[in-house]
Amino acid sequence: MQFRRLGKTDIQVSAVGLGGNTFGPPRLDQATSIACIHHAESLGVNFIDTAAIYGEGHSESFIGEALHDRRSAWVVATKFNFWRMAADERPAQRIRRQCEESLRKLRTDYIDLYQMHAPVPGVSIDEVLETLATLVHEGKVRYVGACNFAAWRHMQALEKGRQNGWPRMVTSQNHYNLVRRHVELETLPFCAAEEVAFLPYHPLAGGFLTDKYSKHQPPPPGTRGAAGSPIIKRSRTAHNEEVQDQLKTWVHAQGHNLGELAIAWLLHCPQVASVIAGVSSTAQVEANVKGGDWQLTSAQFEAVDVITRWEGSQEVIEQYINF
């Protein structure tokens, strides 16, 4: 397992991490979740990412049960949100309440990386950062990060922090995989310029970027696609099915499978600190770690880029330039 620095921090995280979105209903029960976490640790994984809302609120509790006697071996990230706030609830109250709940469920007295799950209209980034500064000062949070932020919004947060002595948002978590490359336009260049660590979610597109799915064929029984998963529906466009089919042909000729390529390709990007993939079994943990062991050559990366590059992306860039 290789390790990478988490942006401008003293934290080293495993290149392949664990996404906590599958831990809890309706996906995995507590016993299976704990088995996956412990097996991941045995393979060198030390980074786990979850959120207050994952697993119908059970993900953090399952992780807390798995890690309570080995907390120091792990880097734990979770998220707070501002969805469905009460009319009289302040952002500062929401952050502190959710932080205390997360600490209790995770059975820990500190969170390594506390992330804002998404921007919400009307919520001041000043109030968010000031509240997070208090939590950092109290020792309940070590570092803070952002999820689903545009580059301009994250830059605004960095400037606010610099001006007021508030915590720096050291990570950017966003949707990124072989068939969804929009962050390459602005977010990844921003991360490179500001030394912000990038954490891609949906690295396997819900399983679409594995060998399970075949062009023009229905999703196999037992898969997320067969269960009607929204991420699979969004990913299985006619264009993406053609790309996925070409990728499978290419990667099999390299002696690997598509899931391994999806992870190895993301890790070729220097801004990516860790690929946080959700898992459904210990076998999937092993498969993800194996993908992290493959380091693409420049020629291999370029070959994949030719297959996955969306021809319309150049048109988008030109529209930005000529606007």
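To keep things clear, this report deals only with the structure shown in the data block.

Reading the values: rules and limits
Residues numbered from 1 in each chain as written. Predicted model: local features only at pLDDT ≥ 70, side-chain atom pairs only at ≥ 80, totals over all residues. Heavy atoms only, no water. Helix = DSSP H or I, 4+ residues; strand = E, 2+ residues; numbered from the N terminus. Contact = heavy atoms within 4.5 Å. Expected span 1.5 Å × (residues − 1). Buried < 20%, exposed > 50% of the residue type's maximum accessible area, 1.4 Å probe, protein only. Arc of directions from axis to C-beta. Core = buried A, V, L, I, M, F, W, Y, C linked by side-chain atoms within 4.5 Å.

Focus: the environment of Pro-91
Line of reasoning, step 1. Mapped onto the fold, Pro-91 is located in helix α3 (residues 91-106).
Line of reasoning, step 2. Between the C-alpha atoms of Pro-91 and Thr-131, which are 40 residues apart in sequence, the distance is 8.6 Å.
Line of reasoning, step 3. Excluding anything up to four places from it in sequence, Pro-91 contacts Phe-82, Met-85, Val-123 and Glu-127.

A closer look at unusual backbone geometry
Line of reasoning, step 1. For the bond running from Pro-25 to Pro-26, omega is 0 degrees, close enough to zero to count as cis.
Line of reasoning, step 2. Among the secondary structure elements, Pro-26 is positioned in the loop between β3 (16-19) and α1 (30-42).
Line of reasoning, step 3. Despite not being glycine, Arg-107 shows a phi value in the positive range, around 55 degrees.
Line of reasoning, step 4. Relative to the elements of secondary structure, Arg-107 occurs in the loop between α3 and β6 (111-116).
Line of reasoning, step 5. Its identity is not glycine, yet Ala-205 carries a phi of approximately 50 degrees, on the positive side.
Line of reasoning, step 6. Among the secondary structure elements, Ala-205 is positioned in the loop between β9 (197-201) and α7 (230-235).

Things to note about α3
Line of reasoning, step 1. Taking 1.5 Å of rise per residue, 16 residues should cover 22 Å, and α3 covers 22 Å from first to last C-alpha, within 8% of that figure.
Line of reasoning, step 2. Inspection of α3 places Pro-91, Arg-94, Ile-95, Gln-98, Cys-99, Ser-102, Leu-103, Lys-105 and Leu-106 among the buried residues, and these make up the whole buried set. Seen end-on, α3 carries its buried residues on one side only, within an arc spanning 165 degrees.
Line of reasoning, step 3. Contacts made by the buried residues of α3 are with α2 (59-67), β5 (75-80), β6, α4 (125-137) and β7 (141-147).

Observations regarding the nonpolar core
Line of reasoning, step 1. Ranked by internal contacts, the top residues of the largest apolar core, which has 80 residues, are Leu-18, Phe-23 and Leu-261.
Line of reasoning, step 2. Not counting residues up to four positions away in its chain, the partners in contact with Leu-261 are Leu-178, Leu-247, Trp-250, Val-251, Trp-294, Leu-296 and Val-304.
Line of reasoning, step 3. In terms of nonpolar packing, the next biggest core, distinct from the first, is built from 12 residues, Val-13, Leu-113, Leu-199 and Ala-273 among them.

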